[in-house]
Amino acid sequence: MQLDSSGLRVLNREECLRLLSATPIGRIVFTDRALPAVQPVTFALDGETIVIRTGGGSKLAAATRHAVVAFEVDEFDTELRTGWSVTAVGKARAVQDPAEIGRLAELPLAAWAPGSRDHYIVVEAEQLTGRMITRTPATEMSLSMCPE
């Protein structure tokens, strides 16, 4: 088991992909008018590719065309002080090919927000990193010292 300098367990690529595939909501990080922006999105994995369905005229669709973006998912249990985070970095592209759009439309990717979602953005996960924090004897001791 590999630990980083903070004592968090470093996840390998397969573990990162498994956690990505089990999570329906993520955050895409992109540049909007020269400033960093973060937007929560529903997504699905297509192999190792992150697929986001959005409106064609959305700010997200415009800002991510051929841009390098980050994508993050996580899950935490605040009571147990455990959790994990996975970050992917890669180039985003708008899907234009009708055959690819048809194939992506078959993915289990339902938008939570109202409105038309007929535009697909895909992010190739060129860099994929993850960290996990689990209960240790030190966290057990820390939890036992917390007043209820």
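Quick caveat, the model's predicted, so the values are computed rather than measured.

Enquirer: Lay out the overall build of the protein chain in plain terms, naming residues and giving numbers.
Expert: What the protein chain contains, in helices and strands, is four helices and eight strands. Along the protein chain, from the amino end to the carboxyl end, the secondary structure elements read β-α-β-β-β-α-β-β-α-β-β-α. Considering only C-alpha atoms, the protein chain reaches an extent of 55 × 35 × 30 Å along its principal axes. Here the protein chain holds 148 residues, and 39% of them are scored as buried. Restricting to contacts in the protein chain with at least 6 residues of sequence separation, those with at least 24 account for 66%. With the model as given, the accessible surface of the protein chain reaches about 8900 Å², and the carbon-plus-sulfur share is 56%. Seen as two clouds, the 15 positive and the 19 negative side-chain charges of the protein chain have centres 5 Å apart.

Enquirer: Would you mind going over helix H1 (residues 13-21) in detail, with residue names and values included?
Expert: Along H1, the residues classified as buried are Glu 15, Cys 16, Leu 17, Leu 19 and Leu 20. On its buried face, H1 is in contact with strand S1 (9-11), strand S3 (35-46), strand S5 (68-77), strand S6 (82-94) and strand S8 (127-133). A distance of 3.1 Å separates the backbone nitrogen of Glu 14 from a side-chain oxygen at the start of H1, and that oxygen is part of Asn 12.

Enquirer: An account of the confidence of the model for the protein chain is needed here, citing residue identities and associated values.
Expert: Considering every residue of the protein chain, the mean pLDDT works out to 87; 91% of them sit at 70 or more. A low-confidence stretch, residues 139-145 stays under pLDDT 50, and its non-local contacts, those more than four residues away or across chains, total seven contacts.

Enquirer: Help me get a handle on the pattern of salt bridges, residues and values and all.
Expert: The tally for this structure, following the rule as stated, stands at eight salt bridges. Taking the shortest distance from any N to any O, the salt bridge between Asp 4 and Arg 131 comes out at 3.0 Å. In this pair, Asp 4 is assigned in the segment before S1 and Arg 131 in strand S8, connecting sequence segments 127 residues apart. The exposure class of Asp 4 is partly exposed, given its relative accessible area of 21%. Among the ionic pairs, Arg 27 bridges to Glu 72, the shortest N-O distance being 2.7 Å. With Arg 27 in strand S2 (residues 25-32) and Glu 72 in strand S5, the pair connects residues that are 45 residues apart, well separated along the chain. Residues participating in the shared-partner salt-bridge network are Arg 27, Glu 72 and Asp 74.

Enquirer: Tell me about the packing of aromatic side chains, and name the residues and values.
Expert: Under the counting rule described, the total for this entry stands at one aromatic pair. Look at Phe 43 and Phe 71: their rings are 4.8 Å apart centre to centre, the planes differ by 70°, and that puts the pair in the edge-to-face class. Here the residue Phe 43 occupies a position in strand S3, and Phe 71 occupies one in strand S5, the gap between them amounting to 28 residues. Residue Phe 71 is classed as buried on the basis of its relative accessible area of 1%.

Enquirer: Can you break down the side chain of Thr 49 residue by residue, with the values?
Expert: Assignment of secondary structure puts Thr 49 in strand S4 (residues 49-54). Residue class for Thr 49 comes out buried when judged on its relative accessible area of 12%. Within polar-contact distance, the side chain of Thr 49 engages the side chain of Glu 124 at 2.9 Å.

Enquirer: Break down the environment of Gln 39 for me, citing the residues and quoting the values.
Expert: With respect to the secondary-structure elements, Gln 39 resides in strand S3. As a C-alpha pair, Gln 39 and Phe 71 span 32 residues in sequence and 9.6 Å in three-dimensional space. Sequence-distant contacts of Gln 39, defined by excluding residues within four places in its chain, comprise Gly 26, Arg 27, Ile 28, Phe 30 and Leu 60.

Cut-offs applied
Residues numbered from 1 in each chain as written. Predicted model: local features only at pLDDT ≥ 70, side-chain atom pairs only at ≥ 80, totals over all residues. Heavy atoms only, no water. Helix = DSSP H or I, 4+ residues; strand = E, 2+ residues; numbered from the N terminus. Buried < 20%, exposed > 50% of the residue type's maximum accessible area, 1.4 Å probe, protein only. Contact = heavy atoms within 4.5 Å. Areas by Shrake-Rupley, 256 points an atom, 1.4 Å probe, with all protein chains shown as cover. Lys, Arg positive; Asp, Glu negative; His and termini not counted. Charge placed at Lys NZ, Arg CZ, Asp CG, Glu CD. Polar contact = N/O pair within 3.5 Å; in protein donor to acceptor, adjacent residues only side chain to side chain. pLDDT = per-residue confidence, 0-100. Salt bridge = Lys/Arg side-chain N within 4 Å of Asp/Glu carboxyl O. Phe/Tyr/Trp six-rings, centres within 6.5 Å; stacked < 30°, edge-to-face > 60°.

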